[in-house]
Amino acid sequence: MFDEDTHKEFQFCNFLLKLLPNESVKDFDLEDKLKLEYYKLHKTSEGAVNLDKVKGKYDPATIKSALGTDPLEPLDEIIKSINEKTKGEFGEGDRVMLNALYNKLKGDKKLSELAVSSDPQIFKESVFPKIFEETALESYNESADSYQSLFENKNKFNAFMSALGAALYSEFRTGKTASA
């Protein structure tokens, strides 16, 4: 628990709710207030769709760009790394959370200076985990519902930390900061 006072208030209100008398709630009837117009359902046809059996050869897709394949954006590389570590349990909400953490950490001047001045192993194992945890906790306090899944799953937390640490380290070292 991050906010003990709120938890105590919740417990008190939960207990108080059981002591208060129940109010009867009158059912709301929409039947006479709702009139359906212009709705007509009727069958227009009936049958089956038959496909012809045709023997042929499947030609795989070809690469049409001059460069071959498009290079992955830093955020896409991070997501690919996380998907490998979490076995594909990465959803759209996780992408939003990752993008927010990435932007916060990318804008951290202290982290940038530490990445430039330290070697990769020290940064990955000592410097970055502490700053990542502080940033993640700060983000959790701002939006608890969004970041709850990150703190409930240790594997996901470690995957996020590892992937973001490696990507940000290389970005800070090369001096390139791509927009996410």
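Given the structure is predicted, the values throughout are model-derived calculations rather than measurements.

Calculation rules
- Residues numbered from 1 in each chain as written.
- Predicted model: local features only at pLDDT ≥ 70, side-chain atom pairs only at ≥ 80, totals over all residues.
- Heavy atoms only, no water.
- Patch = residues over 30% accessible without salt bridge, like charges linked within 9 Å, V, L, I, M, F, W, Y side chains within 5 Å.
- Areas by Shrake-Rupley, 256 points an atom, 1.4 Å probe, with all protein chains shown as cover.
- Salt bridge = Lys/Arg side-chain N within 4 Å of Asp/Glu carboxyl O.
- Helix = DSSP H or I, 4+ residues; strand = E, 2+ residues; numbered from the N terminus.
- Buried < 20%, exposed > 50% of the residue type's maximum accessible area, 1.4 Å probe, protein only.
- Core = buried A, V, L, I, M, F, W, Y, C linked by side-chain atoms within 4.5 Å.
- Contact = heavy atoms within 4.5 Å.
- Phe/Tyr/Trp six-rings, centres within 6.5 Å; stacked < 30°, edge-to-face > 60°.
- Axes fitted to C-alpha atoms, helices over the stretch in contact; angles between N-to-C directions.
- Parallel < 35°, antiparallel > 145°, perpendicular 65-115°, else oblique.
- Left-handed = near helix turned anticlockwise from the far one by under 90°.
- Nonpolar A, V, L, I, M, F, W, Y, C, P; charged D, E, K, R; others polar.

A. Structural detail: a nonpolar patch on the surface. On the surface, Phe12, Phe15, Leu16, Leu17, Leu19 and Leu20 cluster together to form a nonpolar patch covering roughly 650 Å² of accessible area. By the secondary structure assignment, Phe15 is in helix H1 (residues 4–19). According to the relative accessible area criterion, Phe15 is exposed, its value standing at 52%.

B. Just the nonpolar core, in detail. Core analysis: the largest hydrophobic core is formed by 29 residues, its most contacted members being Leu101, Phe128, Phe132 and Leu164. Looking at this core, the elements with two or more residues in it are helix H2 (74–86), helix H3 (92–106), helix H4 (109–117), helix H5 (120–142), helix H6 (144–152) and helix H7 (154–174). Broken down by element, this core gets its largest block of residues, 10 residues, from H7. Beyond its immediate sequence surroundings of up to four residues, Leu101 is in contact with Phe132, Thr135, Ala136, Ser139, Tyr147, Leu150, Phe160 and Leu164.

C. Region of interest: the packing of aromatic side chains. The tally for this structure, following the rule as stated, stands at four aromatic pairs. Centroid distance Phe123 to Tyr169: 5.0 Å. Interplanar angle 40°. Geometry classified as tilted. Taken together, the residues span a long stretch of sequence, with Phe123 in helix H5 and Tyr169 in helix H7 at a distance of 46 residues. Each member of the pair, Phe123 together with Tyr169, is buried. Through a chain of ring-to-ring contacts, three or more aromatic side chains come together here, namely Phe123, Phe128, Phe132, Phe157 and Tyr169.

D. View of the packing of H5 against H7. The N-to-C vectors of H5 and H7 enclose an angle of 120°; their axes lie 9 Å apart at closest approach. When the axis of H5 is compared with that of H7, the two are oblique. Remark: the crossing between H5 and H7 carries right-handed chirality. Across the interface between the two elements, Pro120, Phe123, Lys124, Phe128, Pro129, Phe132, Glu133 and Ala136 of H5 pack against Phe157, Phe160, Met161, Ser162, Leu164, Gly165, Leu168 and Tyr169 of H7. The class makeup of the residues in the contact of H5 with H7 is 12 nonpolar, two polar and two charged.

E. Fine view of the pattern of salt bridges. For the structure shown, the criterion picks out two salt bridges. As a salt-bridge pair, Glu4 and Lys8 come within 3.4 Å of each other at their nearest N and O atoms. You can see Glu4 and its partner Lys8 sitting in helix H1, four residues apart, about one turn around the helix. Glu4 sits in the exposed class, given a relative accessible area of 52%. By relative accessible area, which is 48% here, Lys8 ends up partly exposed. Residues Glu46 and Lys43 are paired through a salt bridge, measuring 3.0 Å at the closest nitrogen-oxygen approach. On the basis of relative accessibility, which here comes to 69%, the residue Glu46 falls in the exposed class. Given the relative accessible area of 63%, Lys43 is considered exposed.

F. Quick peek at the packing of H4 against H5. Relative to each other, H4 and H5 sit at 175°, their axes nearing to 11 Å. Considered as vectors, H4 and H5 are oriented roughly antiparallel to each other. Here Leu111, Leu114 and Ala115 of H4 lie close against H5, whose contacting residues are Phe123, Val127, Phe128 and Ile131. Each residue belonging to the contact of H4 with H5 can be placed in one class, and the counts come to seven nonpolar, no polar and no charged.

As far as function goes, none of this settles anything; it's purely spatial.
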